[in-house]
Every structure is written in structure tokens, then in C-alpha cells.
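Residue-level structural notes
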Amino acid sequence: MFVANNYTNSEYMKRDDQILPLRLQNEANRDKMIRNAKDKDRALARTGNTDVPIPTNGEGDPEDDDAGAGDGIEQSKIIIIHPGSQNLRIGLASDALPKSIPMVIACKYHTTESKEYEPRPKRQKLDTTPEQMFGEEFAKKYTKMSNDLKVDMRANKRKVLPNSKELAANYNRRAEPEKIPEHNDPLRIEWTDISKDDPNDASSFFAGMEALRIPDDSNPQYKMFRPIQQGWFHENDYHSRDHMAGDIESIIEHALRKELGLTSSAEWEQFSCVLVIPDLYEKRYVEAMLEMFLKNFEFKQVCFVQESLAASFGAGYTNACIVDVGAQKTSIACVEDGMVIEDSRINLKIGGYDVTETFIKMLLFDHFPYADINLQRRYDFLLAEELKINFCTLNQDIGVQTLNFHLRAPNQPTRKYQFKTYDEVILAPMGFYDPSVFDNSDKLVGRRSLIDRSYNAYDVDMPDDPTSAAQMAILTSIKPSLATTAIGMNGNGSINGNPEVSTPSKEKPNPMNFLSRMETETNGNSRVTSAAASPAPEGANTPVPSVPFVFGANGTNGGSPGPSGSSFHFGNGSHNGGTPAPPAGMFVDQLARTQKDLAIERDSVLPIAPLDTAIITSITHAAKNAEKKIDEKKVRDFIGGIMLIGGGANIPEFSYFLEQRLKIKRPDLAEKVLVGTNPREMDNQVVVWKGASVYGKLMTHESWVGQLEYERLGSRVLHHKVLWNYSGFA
């Protein structure tokens, strides 16, 4: 006879005591309660009084009875790590501000990056005039942007001098550098001394600013590796996954030893770690970092926090639309009551570096005197960043300005250049609202070459990386065939065993789709359409299609791909060109593609969009209720609580310019639109890190992953530990 089990099938894995992470957490809370009770008894026995003393923390404040897993962790024993594409921010929770170091590593190599790769900005022609150097398309685009700016300035009653660009270009043609001896340069740079490095030790490296200041003509030669780019693993720069993971580990280890003073690896096991991850993360990235921190660094425990949630902690907001403009990506997400709204998350692959590169490109177009500048060279990259920080603005009160900079190169005298600028200083950051001016040609090169996407443990053909309706709307506006429902998915992209549609459908035109028009112009049409806005209709009861859509220039539905349950299919063309699309009206079989096919097609599309359009799209999806109708009150709340952070947003007048663009997009809500920075007068670049520090010091969250849990369950423990829905088991 079979012995009856204590748990019926209906109770299996539905009780807390059957799940290891929850059982360990409950045991820890129970042990803490017992420990506190014993402490009270001992205190009562010592005093002999019937009054039980109130337990206090280290600062003398009453102890919180609801303290959870974080209780007992000293702030000086919590490390906060925020990796980025350009910089790594790291520090202890007890620190006021983090240490910021470049996210770069230099290793001995047979050549340097400036010799291995073509110069940036990319020159299409070298033996021609600066106006023709970058090709006809860029020349037309730049000229049109310049003319549109003049029209806008006149409309705003601003003075526009005739022949301003010609005056600046003529001055730059004649400009000659002034040489300054090194001993007369008070701001000379101390270049990295590589003589202390053993030339026979192939494993030695330099990281951070030390790497950026290695002379390009050093002997032996060093090559720079950047393991994270555009917020992704930089697979194109590596030949193996282990090499890439090893570089990330080496950079963080360098920061622990050099910046935090934790020179002995034996003491790392006493530290807990909070890692900031993107809102739209990749599960392979999260799991790789979890393994690295618990197995390689052997930290005591690790927890994860999303960027937008950390930003809301850092600024002290409970409800806000967080716009984080980074170096190579811009993330947008709405936070409500301390949680990121999943369908509002957007990740655009544009950022401050694109402004830097485009600014240099425009300067060269106008006869910049230092014509040999190459952002692949280390000292030129540092110079270009300095020029952007010092001169770029979004204030329309511009004119012909005489500026100067110092070129400091290793083993050369300092050269002082004088040059003139006109509208380049404002047109480069305006690329956030017309991303086709940026060079997006190689941002997807090497993608998925080393690390595949994550798949469901129980269905190897079911991708389970997180997605959002807002991000799908951006991708669908670029490539409408992504709106096609796949086998086992409904119109919203969610898993559903019964497809709603079983018949082919006909493609419908999408005339109001601004992003698609921008894409068409980028890929060969010289005519550029203005993104003029029109008033948005009143009312919140506009029918909402079940497939992803993007909101157009007037804040309303910018052209639905089709009615509920219908879909259409273009070819396999990607955002950067590819196979030409079939003629409009071609019939396709919707059930011919699986979810894996759709995931592959999504990965072939680079998510870029005008910043104001992306914000409206994010807010609109965040404001949808359970019936998929738009709650206008939520729209007003989010559009009146936009918080702008990130180093890329440090350009003067950035927030004011964005606010004006949003008012044009939504004139019906013009009085409600408010774009602000964090209220605590903190540097925009460290708000996320500071919020993660606050989160790590909280004693009420139970998202710490310890060594025992990871040893038993591996990355599956994340399903029970993170604060958000970590869809499925890894």
C-alpha cells in the first residue's frame, strides 16, 4: 500500500514552508524575535524593574519591530555597485557619494584600438572638403536642421545674424594652434607610467582612468576593452564569453581594492552587495552578475534593484516618470507606489556619447581646426567629452562665439586652438529629438554572437526575457511586422495557448507613424518630414487596439497596425536596412512564426525614437487600467511628475527644452507638464546610486540572496527574491 502524502497535489509548492528562500527568511525572522525576547529578559533580570526597556539601535533610536533580513547589517558593510556603459559607480552605503571610474580595461595586445578600428566620427571620404567628408545624406540632414533652427529662432523673436555659419567656417579655416611647452602648462596630464608593469606578464592590466591615460604609442601596446556598451554586454569586442565576464570582474575588483581600500579578498565575505540593473534587463546578465558576486567575489549576500526604482528612492518620490539619460542608452519608466510599472519601461539606444560624436562631426563639417581628431584615440576621446560638457547647450540665445581648447597628447607639447562655433552647440543635443542624425550603424554589430537570449526552463523555444508594451510600441513603429501575433501569444504579446487569429490578414498603411517616416528618411530618402504637432482630442475613452502601438505627434494613437486580433508582416528588414519589404497588401500567414522567431526579429531592430515621443508612449501605457483603457488622471499625474536624471541630461536648458517639446506633443495637458530634476540638488549622475544606497540600508525588504540559497537553488532563487515579477524560472 502507498502511504498518503501529507500534502495534496493542490497544495504542492503553494505554502511558504515548502519554498526554501521563504522558509529561510521565516526562520531568520523567528530567530530574531527569539533573540530580542531573550535580550528583554536579560535586561529585566539586571534591572529588577517590571518596566521592560525599549530596545534601541546604534544611534539610540527605538528599534523597528518589523525589521527583516536586512536587520543587523552595518552600513559600512554594504557595497553599492552601479555599472554603466561608460562609468562604474561604486561605494559603501555609509558613503555620501560614490566613486566614479571609467568602465574600461586596458590589456597588452598586438595593436591599439585606434589602429584596429576606423576613426570616429566615421569619414566616408578622406580626400575631399569637410562638407563632403561625411556623405551627402548627413550634409542634407545637417543643413535642414540648421535652417529649421533659424526659422524657430525667428518665430521666438530671437536675433539671427546673416552668414553666421560662413563667418565661423572662414575663421576656422585660418586658425593655427599655439604651442605651449609642457612646463608652462599648469593643467598638464600625468600619463600612466607603464614601466612598472611587467612586460612578460600577459595577465596584467590597467583599469579606469589609468587605462584611459595610457599613451597610444606605448611599448608594449595596450588595447582598451569596454565590456558593457549600450547597456548590453559588448559581445562584438570579445572572442569568448569568459573573457568578457573576466574583464567585468577585473574592473570591479580593481575598484574594490583601489577605490574602496578593500585590498584583502578574505574580508569580502563579510560584505553584502546591492547591484543596480536596468529596468528592461536581460536575465542572462542578472544571472551572470549573481554568480560572479556570490561565487567569485564570495560576498555574504546580494540583492538587485532596478534603475528607475533606485532613482525614486534617491529623489524621495513615490510616483514619477523617471527619464534617465545615460552615456549610451536612455531608459524611461513610470514608478507608482514604490514599484516600476512593467508596461511603461522603454530602453532607447541613444545617449550622451551620441551627442559627443555628433558634435565633433558637426564641428568638422564647419572646418574645425583640429581636423585629425579621432574618438578612438584615448586623449581625443577625453578632449571630445570636455568640449561637449563645456560648450553644448539647448539655449537658443546663441551667436558666433570664439572658443578655445587645449590639446594635451603624450610626449608632445600642449597645443592651444581657437575656433568659432554657431549652431553646432545646440543642434548636436537636439539629436535626442531626431535620432537619425546620430550614427546608429554599428550598435547591433555582434549582438547575440556570444550570449543567447534566455529561454523558459520548461519550453526551450519560449524566450522569457522581460518585455514591455511601451518598448514593443517603439519597436513596432520602426518595424510594423513585429505586431504579428505568434503561435501561443495573444495580441498583447502575452502567452496564451489559444491564438486569437487563425486566418491571414492584410497589411494596413500607417500614415501617421512618425517613427516609421523617420526610418524611411534615414535609409535613403533625402526628403525630411517635420515632426510638427497637432492638438490632441479630449476624452479618455478612445478605443485601444490589442496590438502594440505608439502615440503620435498629437499624443493620440499614431496609427494602429490593425484592429484587435489582426496583424501584418513586412519582410526580414531591420532598422538598419536589409531585405526590402514586400509590396503593401501582401497576405501572410500569421501562425507561420513562433515566439522564438519574433524574439529574433525583435533583436534585429535597434530601439531608437525621439525622446518626447518615447516619454508620451511610456506614460500612456503606464496609465492603462485593467480594461486597457487610458486613465486620464494617471496621465496628468505622470506628465506632471517627470524627473530627469543621468549624465547625458546635464546639458544646460535640457529640462526646459524637453518640457516645451512635451507641451507641443500634448497641448491639452500643457499646463500640467512639468519636467524637473531631483529635488535634493544632487548630481544627476549619482541619483540612482544614492537611491540604491537608501534601498540597501532598509531593514524591511527581504530580497537578499545568500550563499546557502544560491548553492541549493542557483539562479532560480531570483523568482522568489526580487521585488518584481521575475517571469518564470531561469
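Residues numbered from 1 in each chain as written. Predicted model: local features only at pLDDT ≥ 70, side-chain atom pairs only at ≥ 80, totals over all residues. Heavy atoms only, no water.

Along the protein chain, the regular secondary structure elements total 20 helices and 24 strands. Taking all 730 residues of the protein chain together, 53% fall into the buried category. For the protein chain, the share of sequence-separated contacts (at least 6 apart) that also reach a separation of at least 24 residues comes to 72%. Here the protein chain has roughly 33200 Å² of accessible surface; of this, 49% comes from carbon and sulfur atoms. (Helix = DSSP H or I, 4+ residues; strand = E, 2+ residues; numbered from the N terminus. Buried < 20%, exposed > 50% of the residue type's maximum accessible area, 1.4 Å probe, protein only. Contact = heavy atoms within 4.5 Å. Areas by Shrake-Rupley, 256 points an atom, 1.4 Å probe, with all protein chains shown as cover.)

Let's shift gears to the pattern of salt bridges. This model, assessed by the stated rule, comprises 36 salt bridges. The residue Arg378 makes a salt bridge to Glu113 at a minimum N-O spacing of 2.8 Å. Of this pair, Arg378 sits in helix α10 (residues 378-391) while Glu113 is found in helix α2 (residues 113-116), placing the two residues 265 residues apart along the sequence. Judged by relative accessible area, which is 2%, Arg378 ranks as buried. Overlapping salt bridges bring together Glu282, Arg447, Arg448, Asp452, Arg453 and Asp603 as one network. (Salt bridge = Lys/Arg side-chain N within 4 Å of Asp/Glu carboxyl O.)

Attention now goes to the confidence of the model for the protein chain. When the pLDDT values of the protein chain are averaged, the result is 81; 77% of them are 70 or greater. Taken as a whole, residues 57-61 scores under 50 in pLDDT and shows four contacts with residues more than four places along the chain or in a different chain. (pLDDT = per-residue confidence, 0-100.)

Every α-helical turn comprises 3.6 residues, leaving residues that sit three or four positions apart pointing alike. Of all nine residues in helix α8 (residues 307-315), eight are buried, a share of seventy percent or more. Looking at α8, one finds that the buried residues are Glu307, Ser308, Leu309, Ala310, Ala311, Ser312, Gly314 and Ala315. Of the residues trailing α8, Gly316 is marked for its positive phi of about 85°.

Sheet architecture is open: three strands sit in the order β5-β17-β16, paired in antiparallel fashion. The sheet is open, and its two borders are formed by β5 (178-180) and β16 (401-407), each paired with just one other strand. Each neighbouring strand pair of the sheet contributes to a mean axis angle of 30°, computed without reference to strand direction. Inspection of the sheet shows β5 paired to strand β17 (residues 414-421) by three bridges, in the antiparallel sense. Within the sheet, the bridge partner assigned to Lys179 lies in β17 and is Arg415. Strands β16 and β17 of the sheet are contacted by helix α4 (residues 164-174), whose axis makes an angle of about 160° with β17. Packed on one face of the sheet, α10 meets β16 and β17 and runs near 150° to β16. (Pairing = 2+ DSSP bridges. Axes fitted to C-alpha atoms, helices over the stretch in contact; angles between N-to-C directions.)

Turning our attention to the packing of helix α12 (residues 469-478) against helix α15 (residues 611-622). As a packed pair, α12 and α15 sit with axes 9 Å apart at the nearest point and diverge in direction by 140°. The angle between α12 and α15 falls in the class oblique. Between α12 and α15 the crossing geometry is right-handed. In this structure, α12 uses Ala469, Ala470, Ala473 and Ile474 to contact α15, whose residues at the interface are Ala614, Thr617, Ser618 and His621. Looking at the contact of α12 with α15 residue by residue, the class counts come to five nonpolar, three polar and no charged. (Parallel < 35°, antiparallel > 145°, perpendicular 65-115°, else oblique. Left-handed = near helix turned anticlockwise from the far one by under 90°. Nonpolar A, V, L, I, M, F, W, Y, C, P; charged D, E, K, R; others polar.)

What follows covers the environment of Ile600. As for its position among the elements, Ile600 is in helix α14 (residues 595-603). Ile600 sits 152 residues away from Arg448 along the chain, and the two C-alpha atoms are 9.7 Å apart.

Within the fold, Ser114 resides in helix α2. Judged by relative accessible area, which is 17%, Ser114 ranks as buried. A polar contact is formed between the side chain of Ser114 and the side chain of Thr112, at a distance of 3.1 Å. Apart from residues lying up to four places away in sequence, Ser114 is in contact with Asp216, Asn374, Gln376 and Arg377. (Polar contact = N/O pair within 3.5 Å; in protein donor to acceptor, adjacent residues only side chain to side chain.)

Attention now goes to the pairing of strand β1 (residues 78-83). For β1, the tally of buried residues reaches six of six residues, placing the bulk of the element in the interior. Taking every second residue as pointing to the same face, both faces of β1 are buried, with Ile78, Ile80 and His82 on one and Ile79, Ile81 and Pro83 on the other. Sheet analysis places β1 next to strand β10 (residues 272-277), joined by four bridges and oriented parallel. Paired with Ile80 across the strands is Val274, a residue of β10. Pairing geometry for β1 and strand β2 (residues 87-92), over five bridges, is antiparallel. What sits directly across from Ile79, in β2, is Leu92. Between β1 and β2, which pair antiparallel and follow one another directly, the connecting turn spans three residues.

Membership of the largest hydrophobic core comes to 89 residues, with the highest contact counts inside it found for Ile615 and Phe654. The element that contributes the greatest number of residues to this core is helix α9 (residues 352-365), accounting for eight residues. When residues no more than four places from it in sequence are discounted, the contact partners of Phe654 are Val325, Leu394, Phe432, Tyr433, Leu611, Leu644, Gly648 and Ala649. (Core = buried A, V, L, I, M, F, W, Y, C linked by side-chain atoms within 4.5 Å.)

Here we come to unusual backbone geometry. Here the amide bond leading from Arg120 into Pro121 is cis, since omega sits at 0°, within 30 degrees of zero. The omega torsion of the bond from Asn219 to Pro220 falls at 5°, within 30 degrees of zero and hence cis. Relative to the elements of secondary structure, Pro220 occurs in the loop between α5 (209-212) and β7 (222-225). We note that Glu298 has phi near 60°; this positive angle belongs to a residue other than glycine. Note that Glu298 resides in the loop between α7 (283-296) and β11 (301-306). One non-glycine residue with positive phi stands out, namely Glu653, at about 65°. With respect to the secondary-structure elements, Glu653 resides in the loop between β22 (642-645) and α17 (654-665).

Further remarks concern the pairing of β11. Among the six residues that make up β11, six are buried, leaving the element largely enclosed by the rest of the structure. Side chains Gln301, Cys303 and Val305 project from β11 onto one buried face, and the interleaved Val302, Phe304 and Gln306 project onto a second face that is buried too. Bridge analysis of β10 against β11 gives six bridges, and the strand direction is parallel. Bridged to Cys273 within β11 is Val302. Handedness of the crossover is the feature at issue here: the chain leaves β10, passes through α7, returns alongside β11, and the resulting connection is right-handed. Bridge count between β11 and strand β24 (residues 705-706): two bridges; the pairing is antiparallel. (Right-handed = clockwise from strand over helix to strand, strands pointing away.)

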